[in-house]
Amino acid sequence: MERYSAFALLKNALGGHRHWPQAWRSPELKRQYDVVIIGGGGHGLATAYYLAKVHGISNIAVLEKGWLGGGNTGRNTAVSRSNYFYPESTRFYEYSLKGYESLGRELNFNIMLSQIGIINLACSRHELEIFRRWATAIQVQGVDSEVLGREQIATMVPMLNMSASARYPVHGGFIQRRGGISRHDAVAWGYARAASSLGVDIIQNCEVTGIEVSDGCVRGVKTSRGSVRTDKLGMAVAGHSTVVAAMAGVKLPIVSQTLQAMVSEPVKPCLDHVVMSPMVHCYISQSDRGEIVIGGGADTHPSYGQRGSLQSTEAVLNAAVELYPMLSRMKLMRQWGGIVDIAPDASPIVSKTPVTGFYISTGWGTGGYKAIPAGGETLAHTIAHDAPHPLVEPFSLDRFARGRLIDEGAAAGVAH
Amino acid sequence: MRIECPWCGSRSEDEFVCGGQSHIARPEPATASDAEWAAYLYQRDNPKGLHHERWLHRFGCGQWFNVARDTVSHNILASYPMTAPKPELPDANGGEA
Ligand SMILES: Cc1cc2nc3c(=O)[nH]c(=O)nc-3n(C[C@H](O)[C@H](O)[C@H](O)COP(=O)(O)OP(=O)(O)OC[C@H]3O[C@@H](n4cnc5c(N)ncnc54)[C@H](O)[C@@H]3O)c2cc1C
Ligand SMILES: [Zn+2]
C-alpha cells in the first residue's frame, strides 16, 4: 500500500495524477477462508480490518452483494456522538467516538472528521427537564455534555426560528462538543484499503444466498459466485439481517424499516453545528459542499424498498421549515432511503448465536455509523476468541430472553 | 401508499399508523419458557416480500384492521377485518424470510 501523504500528493501531481495505485485489490474468490464476513458496509469492513490487524488472521473474505459502502454506510447523515443514556451504551459509543478521533491516522485515510458539536433542542419545558437529566447522566459517566440556555442557542444557531409565535419554541437544549460529522464514504474506503493491504479479500458483486450448517456448526456459504468453505462466519448486513440469519436457521428480534435523508442545494456556510430536535424528529447539518443535510425519523412500516414514503419526507420537511424558516426558499436537491435494522430496545446486537461459528452484528438501526470503529473491533474480538468483547457483552442476543434490554429508544429517544 | 380501510375505503397513508406483524398468537404465560415468551414479545417474521400486518385508521374511523402488503414494492394485496383469518396470497418475492 502506498502511503497517502503530502509527499505522495506532490509526486503524483508531477505525474499528472495518472499513476495512483488501486486503493484495494479486486481478487478472485477463493474456495476456503478462515473467516468470511457477509456485508461490505462499515461494520463488515472494519471487522475484517481488526481481525487482520489485531488478531493476526489474514485469510479473510468480505462478501458484498453490491458495492462497498452502497448500503447504509454510504447513505447516512454521518453523525457521530456518544451522548446515549445507559452506561453500557455510553461506554461503547464513547470508545467508538475516540476511535473516530484517531481513525484518519490509523487508516492513513482522511475521514474528514469535523467535531462541530451536536446540539439537542428542547421544544417544550418537559423536554428540557428530560434533557437536564440526560445531560447529567452523561456527565456522571465522564462524557462531555453541557446544558444550553435559549439565548446561547440563539447565538449559536442564528437560522433558528426564535420568534414568539414559533410553532416549535426553543426552551433550551444541550450540546456534546466532541460530536460531529465525517465523510462516510471515506470510512468505508479507508477500512477497505487498510484491510486489503493486510491481505483481506474484498469481493464485490457477490451475494450470499445460503449458509451451510451441520451439527450446529457453520461449514460454509453459498454465493452468487460459488461455494466457499469456512467455519467462522460474521454477518453485518443491516436491513437484511433477518433474511441472512434465516439462512443459518437463526431468528432475530429485528424489523427492517426505511430511514430517509435529503440534501438541499448548496449554499454559503450558515450552520456550524449538527442540530437535532428529538421531539419533532428533524435534524440538520451543513456539508463541506454547502448542502443542508436533513434527516428525521424512520418510516413507520416494515420495508425493504430502499426509497422511503412521501409522508415521511413531508413530515421531516414540515418540521425543518418550521424550525429554520430560511430553508423554505431553498430547493431540495436529493432524497434517498436506507433499510435500517431496528431492535426492540433500539440498541445493537453484537453477539454469538446458537449456531457455532456464526457471529452477528445487527440492530444498528438509525445510528450505527458512529459505531463502526467499536463495532468492528468488538465483533472481530468476538469472532477471534469465540467469546464476546467486554464492551458488547451487554449487547448479546440472549438479552431479550433474560429481559435485560438496554432501552435507548425510551431513554435517549431517536438516535442518529 | 393508498390504504383500503374496510370501513372508510381508500385513504392516504398519512391517516394511518402501522402496528406491525399481525396474527401473532400469545403462548400460555404460565407454561411458556423465557425463550418462547421473548420470541412472542420481540421476534417478528420481517419478510422480504408478503407481510400480514395491522394498521390503525388513527385519523379516520379509529379502527384496527389487517393488511397484506409486499414489503419491497409496497403493493397492497388485501385488506381485511381484524378477526378474519390470514388470506392465502401469492408472494411475488418467493417468501424469503
Ligand atoms: C438515511 C440514514 C441516515 C443515517 N444517519 C446516521 C447518522 O447520522 N449517524 C449514525 O451513527 N448512523 C446513521 N445511520 C445508520 C447507519 O448508516 C447504519 O447503522 C450503519 O451504516 C450500518 O452499517 P453496516 O455496515 O452494518 O450496514 P451497511 O452499510 O448497510 O452494509 C451492509 C451491507 O451488506 C450487504 N448485504 C446485504 N445482504 C447481503 C448478502 N446476502 N450477501 C452479501 N452482502 C449483503 C449490503 O449490500 C450492504 O452493503 C443512518 C442510516 C440511514 C439509512
Ligand atoms: Zn377507517
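Residue numbering note: each chain is counted from 1, following its sequence as written. By the order in which they are written, chains take letters starting at A while ligands take numbers starting at 1. Residues qualify for local features only when their pLDDT is at least 70, as the model is predicted, and side-chain atom pairs are given and counted only at 80 or more; totals for whole chains, interfaces and linings, by contrast, use all residues. Side-chain measures here rest on the full set of heavy atoms in the structure, leaving out hydrogens and waters.

Residue and element names in this part refer to chain A. Neighbouring residues are identified by heavy atoms, a residue being near a molecule or strand if any of them is within 4 Å of it. In the neighbourhood of ligand 1, 39 residues make up the surrounding shell, with E64, N72, T73, T77 and K370 lying closest. Polar contacts here mean pairs of N or O atoms no more than 3.5 Å apart (in protein, one a potential hydrogen donor and the other a potential acceptor; neighbouring residues in sequence count only if both atoms are side-chain atoms). In the model, an oxygen atom of ligand 1 is placed 3.1 Å from a nitrogen or oxygen of the N76 side chain. Here a nitrogen atom of ligand 1 and a backbone polar atom of T366 are 3.2 Å apart. Surface accessibility in these figures is a Shrake-Rupley result with a 1.4 Å probe; residues are shielded only by whichever protein chains are displayed. Considered on its own, ligand 1 offers 1,000 Å² of accessible surface; in the complex 97% of this is hidden by protein. Secondary structure counts use DSSP, requiring at least four H or I residues in a row for a helix and at least two E residues in a row for a strand, with both numbered from the N terminus. Elements with a contribution of two residues or more to the shell around ligand 1: α2 (42-55), β13 (255-266) and β17 (332-342). Here the shell around ligand 1 takes three residues from β13, the largest share from any one element. For this classification, the nonpolar set comprises Ala, Val, Leu, Ile, Met, Phe, Trp, Tyr, Cys and Pro, the charged set comprises Asp, Glu, Lys and Arg, and every other residue, Gly included, is treated as polar. Taken together, the residues of the shell around ligand 1 break down into 16 nonpolar, 18 polar and five charged.

A word on the pairing of strand β1 (residues 2-5) of chain B. Residues and elements named next belong to chain B. Of the two faces of β1, only one is covered, namely that formed by I3 and C5; the face formed by R2 and E4 stays uncovered. For two strands to pair, DSSP has to find at least two bridges joining them. In terms of strand pairing, β1 meets strand β2 (residues 9-12) through four bridges, oriented antiparallel. From the neighbouring strand, R2 faces β2, where its bridge partner is S12. Taking the residues between adjacent antiparallel strands as the criterion, β1 and β2 are bridged by three residues. Throughout this description, buried means an accessible area under 20% of the type-specific maximum (1.4 Å probe, protein chains only), exposed means over 50%, and partly exposed covers the range between.

Turning to the sheet that holds strand β3 (residues 17-21) of chain B, a few remarks are in order. Residues and elements named next belong to chain B. Taken in spatial order, the four strands of this open sheet run β3-β4-β5-β6, and their pairing is antiparallel. The outermost strands of the open sheet, each flanked by one partner alone, are β3 and β6 (76-81). With direction set aside, neighbouring strand axes in the sheet form an average angle of 30 degrees. By the bridge criterion, three bridges tie β3 to strand β4 (residues 50-56) in an arrangement that is antiparallel. Among the inter-strand pairings, V17 is bridged to a residue of β4, identified as L56. In this analysis an axis means a line fitted to C-alpha atoms, helices contributing only their contacting stretch, and an angle means the value between N-to-C directions, from 0 to 180 degrees.

Let us now look at the interface of chain B and chain A. Residue-level contacts link 25 residues of chain B with 24 residues of chain A. Buried area is a sum: the accessible area each of two parts loses on coming together, probed at 1.4 Å, counted once for each and added. In total, about 2,000 Å² of surface goes out of reach between chain B and chain A, with carbon and sulfur atoms giving 53% of it. By definition, a salt bridge exists where a carboxyl oxygen of Asp or Glu is found within 4 Å of a side-chain nitrogen of Lys or Arg. For the pair chain B and chain A, the number of links is one salt bridge. Between B:D45 and A:K251 there is a salt bridge, with its nearest N and O atoms 3.1 Å apart. The interface formed by chain B and chain A holds 15 residue pairs in polar contact (both at pLDDT 80 or more) in total. For the side of chain B that touches chain A, the elements supplying multiple residues, two or more each, are α1 (34-42) and β4 of chain B. In terms of residue count, α1(B) provides more of the side of chain B that touches chain A than any other element does, four residues in total. In the side of chain B that touches chain A, the residues fall into nine nonpolar, seven polar and nine charged. Any two residues whose heavy atoms approach within 4.5 Å are treated as being in contact.

This next bit is on the coordination of the zinc ion (ligand 2). Residues and elements named next belong to chain B. Protein ligation of the zinc ion (ligand 2) involves C5 (SG), C8 (SG), H57 (ND1) and C61 (SG), the donor distances falling in the range 2.1 to 2.3 Å. Metal coordination here is assigned from N, O and S atoms located within 2.8 Å of the ion, or within 3.2 Å for Na, K and Ca; omission of water means that sites may look incomplete. Mapped onto the sequence, the residues coordinating the zinc ion (ligand 2) show the spacing C-x2-C-x48-H-x3-C. Highlighted residues: C8 in the loop between β1 and β2 and C61 in the loop between β4 and β5 (64-70), separated in sequence by 53 residues. A relative accessible area of 36% places C8 in the partly exposed class.

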